[in-house]
Amino acid sequence: MSNVAAEQSLAGDVVILGGGLVGMTLAIGLAKQGLSSLVVDSSDPAAQTAEGFDGRASAISTASWNLYTNLGMAEALAPKGCPIDAIAVTDSLKPGRIDFRPGAEDGSLGRMYANRDLRMAMYDVAARESLITFLPNAQVATRERGEHGVAVTLADGRVLKGSLLVAAEGRRSPTRDEAGFTPARWDYGHRAIIAGLTHERSHENTAWEIFYPAGPFALLPLLDEADGTHRSALVWTVAEKDAAGVLALGETAFLAEVEKRMGGVFGKIALNGPRSSYPLNFHHTAKVVDHRLALVGDAAHGMHPIAGQGLNVGLRDVAALVEVLAEGARLGLEPGDAQLLARYERWRAADTFMVAAATDVLTRLFGLRGRLPSMVRRFGMAGVQRLPTLKRWFMDEARGMSGKLPELLKA
Amino acid sequence: MSNATTLSAQTIRPEEAAHFGKLAADWWDPKGQSAMLHKLNPVRLGFIRAAIDTHFAADPRGLRPLAGKRALDVGCGAGLLAEPLHRMGAAVTAVDAAAENIAAARAHAEGAGLTIDYRHGELAELGLAGFDLVTSMEVIEHVADKPAFVAALAQTLGQGGLMVLSTPNRTPASRVLMVEAAERLGMVPRGTHHWDDFITPIELHDLLEAAGLKMGNPQGIAWGPAKGLHLSDDLALNYIVTVTRA
């Protein structure tokens, strides 16, 4: 059957399970430092980058942009991002809206990207790195973490060997669960419905956050298409019990529901690709390493998408892990060295917990009904607006813990 | 050499060799009895790497600064330092007085697929010479005849070679923290250190000078609650130095 394949054995410094926006970016960062990786992904990259694959979009913070610049992805990405010039906030479309527009000294609110564009730029850079071996469409059969190294056996019999195993499979990471990590987790009882929208009027680089008691309804600005069509990404939070109903709506009925909630701010709208949804939950592990294993991205910390911090936090994991492993390699320490992994864990622990906890508090605040909570929410939005400041404070905290910000996050 | 056996009896204390032999199996467990050594390893490797880059004008970003060079680690234990030196590109020879340590070191290197020339025995008897890099970490404080040991180290260093030594300082602080507290709290195994055997940087300087060697500026290895073990200007506990031919 697969006897030939069964004899195949591949070796690299690091075996990364999950070749998404966090896992593959890690491989690129390691390659730039002279470390090789084998990247395993269960999906097909061609399907992941196909037009209209999904409506997912990410806010890219200044630090994440620095990382992309340092890894050689910025040139391809620069023309594709939509700068967020302002955040417009309304409470269930009650009269009045609050605009947050940062001053010059506040720093950028970030840039919005379709995840598809991030993926394409990432795969292009990865394809040029000889130290990256990408194994897409691959199913993991077994994982072993031994005294001298790790071995991953794929369903087709191929064996991948390395010094360190990295779990970058996202929030449902089977590697994390198999290793017996016990994340603190709770469910919000809500589901985020994600879709790409095209619309009649320009969004004017404004992100809309419209707060309903069921949760935030967000419209994140994307760059216009080549023909001038205006685009935004929709993140609509609904109660879990209502989700099936919303997903089952026909396209016309779905758009009618969306339009009702948007209050016509963008004029006529249309769907730009299929709808998808995922349950919102919070999980966090204080422990992000084990014997020859490191967790990165959502495998370590799944957070609410309300503040758009998920990918940014994952890329901070990448920057810290690349620096720790590269510094170790300079000293002759292998990637699976327990001291290096302990350093990565110390470096990341404070940052991930603060961001996850802050977004959790916001989410709970927005879930309350009534006039007072509504006022508190408006007040709380000032906090959201100040998130870059809070973020800076978190980072300063992390800096105090670690001595410095990862090099890859610096301009 | 007629004096070799005498030297052997002088520099290896049988009770110390037996003590480390018991630790051999546990050496490579980062949470085991040698946990403190594992934590110390990246710190002293940081010093060694900087010294290599300076001495050999190596690219600080390179991953194999010792490629084409021969390195010797004296008092290698189970290979905690020898393996990183090998990964940095050196052809490594490593020596230890305890046969159990060498057995543990060989087993570990074989498992990791690393080729390291491990030798059990007395340094002066092994006829080793001409090394580009010689390291001896936390060893001299365990040696009875320190001038003989330093002379034997000097024999191994090639022309233009670099030596790196580290050892605890003999200060009130090291007596309280490294011997009394660290051993009582189980941070290092009991019987690891005898404070009276510790040497100060000035004493080490004089020992090296007598053997025709020149000591560089010592750097301290200190401990703090936030930073853990780190390189520091504070020499009170432990220090690490570069050494070259005078």
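As the structure is a prediction and not an experimental result, all values here were calculated from the model. (Residues numbered from 1 in each chain as written. Chains lettered and ligands numbered in written order. Predicted model: local features only at pLDDT ≥ 70, side-chain atom pairs only at ≥ 80, totals over all residues. Heavy atoms only, no water.)

K.L.:
Residues and numbers for the overall build of chain A, please.
P.N.:
Scanning chain A from terminus to terminus reveals 13 helices and 22 strands. In chain A, which comprises 411 residues, the proportion classed as buried is 55%. Expressed as a percentage of contacts within chain A between residues at least 6 apart in sequence, the contacts between residues at least 24 apart total 74%. A total of about 16,800 Å² of accessible surface is found on chain A, and carbon and sulfur atoms cover 55% of it. (Helix = DSSP H or I, 4+ residues; strand = E, 2+ residues; numbered from the N terminus. Buried < 20%, exposed > 50% of the residue type's maximum accessible area, 1.4 Å probe, protein only. Contact = heavy atoms within 4.5 Å. Areas by Shrake-Rupley, 256 points an atom, 1.4 Å probe, with all protein chains shown as cover.)

K.L.:
Explain helix α6 (residues 146-156) of chain B to me, using residue names and the numbers behind them.
P.N.:
All names here are of chain B. The buried fraction of α6 amounts to eight of the 11 residues, a majority that puts the element mostly inside the structure. By the burial criterion, the buried members of α6 are Lys146, Ala148, Phe149, Val150, Ala152, Leu153, Ala154 and Thr156. A side-chain oxygen of the first residue of α6 lies 3.1 Å from the backbone nitrogen of Ala148; this N-cap is Asp145. (Polar contact = N/O pair within 3.5 Å; in protein donor to acceptor, adjacent residues only side chain to side chain.)

K.L.:
Residue-level account of the sheet that holds strand β3 (residues 37-40) of chain A, with values.
P.N.:
Residue and element names in this part refer to chain A. Within the open sheet, the six strands sit side by side as β9-β3-β2-β13-β21-β20. Their pairing is mixed. Two strands bound the open sheet, and with one partner strand each, they are β9 (132-135) and β20 (289-290). Looking at chain direction, strand β2 (residues 14-17) and strand β13 (residues 164-167) are connected through four bridges and run parallel. What sits directly across from Val15, in β13, is Leu165. (Pairing = 2+ DSSP bridges.)

K.L.:
Give a detailed account of the sheet that holds strand β4 (residues 57-60) of chain A, specifying residues and quantitative values.
P.N.:
In sheet architecture, strand pairing relies on hydrogen bonds along the backbone and comes in two forms, parallel and antiparallel. Residues and elements named next belong to chain A. Judged by pairing direction, the sheet is antiparallel, and its three strands sit side by side in the order β4-β8-β5 without closing on themselves. If you trace the sheet from one side to the other, it starts and ends with β4 and β5 (82-83), each paired once. Across two bridges, β5 lies against strand β8 (residues 111-114) in antiparallel orientation. Note that in β8 the partner of Pro83 across the bridge is Arg111. Packing against the sheet, helix α6 (residues 115-127) makes contact with β4 and β8, and its axis sits at approximately 80 degrees to β8. (Axes fitted to C-alpha atoms, helices over the stretch in contact; angles between N-to-C directions.)

K.L.:
Could you give an account of the interface of chain B and chain A, with specific residues and numbers?
P.N.:
With 20 residues of chain B in contact, the opposing surface of chain A contributes 14 residues. Here chain B and chain A share an interface that buries about 1,400 Å² over both sides, 56% of which is from carbon and sulfur atoms. Scanning the region where chain B abuts chain A turns up one salt bridge. With a closest N to O distance of 3.4 Å, Asp53 of chain B and Arg330 of chain A form a salt bridge. Our enumeration of links across chain B and chain A arrives at four residue pairs in polar contact (both at pLDDT 80 or more). Mapped by element, the contributors of at least two residues to the side of chain B that touches chain A are α3 (35-55), α4 (82-87) and α5 (99-112) of chain B. Take the side of chain B that touches chain A: its biggest share by element is eight residues, from α3 of chain B. (Buried area = accessible area lost by both parts, 1.4 Å probe. Salt bridge = Lys/Arg side-chain N within 4 Å of Asp/Glu carboxyl O.)

K.L.:
Any details on the pattern of salt bridges? Residues and values, ideally.
P.N.:
In total, this model carries 21 salt bridges over all chains according to the counting rule given. The partner of Arg261 of chain A in a salt bridge is Glu257 of chain A, and the shortest N-O contact between them spans 2.9 Å. A residue pair is termed a helical-turn pair when its members lie 3 or 4 positions apart in one helix, as Arg261 of chain A and Glu257 of chain A do in helix α9 (residues 251-262) at four residues. You can call Arg261 of chain A partly exposed: its relative accessible area is 21%. The partner of Arg49 of chain B in a salt bridge is Asp53 of chain B, and the shortest N-O contact between them spans 2.9 Å.

K.L.:
Could you give an account of the packing of helix α2 (residues 23-32) of chain A against α6 of chain A, naming the residues involved and the relevant values?
P.N.:
All names here are of chain A. Contact geometry for α2 and α6: axes closest at 10 Å, N-to-C directions at 35 degrees. Note that α2 runs across α6; the crossing there is left-handed. Residue-level inspection shows Met24, Thr25 and Ile28 of α2 in contact with α6, the latter providing Met122, Tyr123, Val125 and Ala126. When grouped by side-chain class, the residues that make up the contact of α2 with α6 number six nonpolar, one polar and no charged. (Left-handed = near helix turned anticlockwise from the far one by under 90°. Nonpolar A, V, L, I, M, F, W, Y, C, P; charged D, E, K, R; others polar.)

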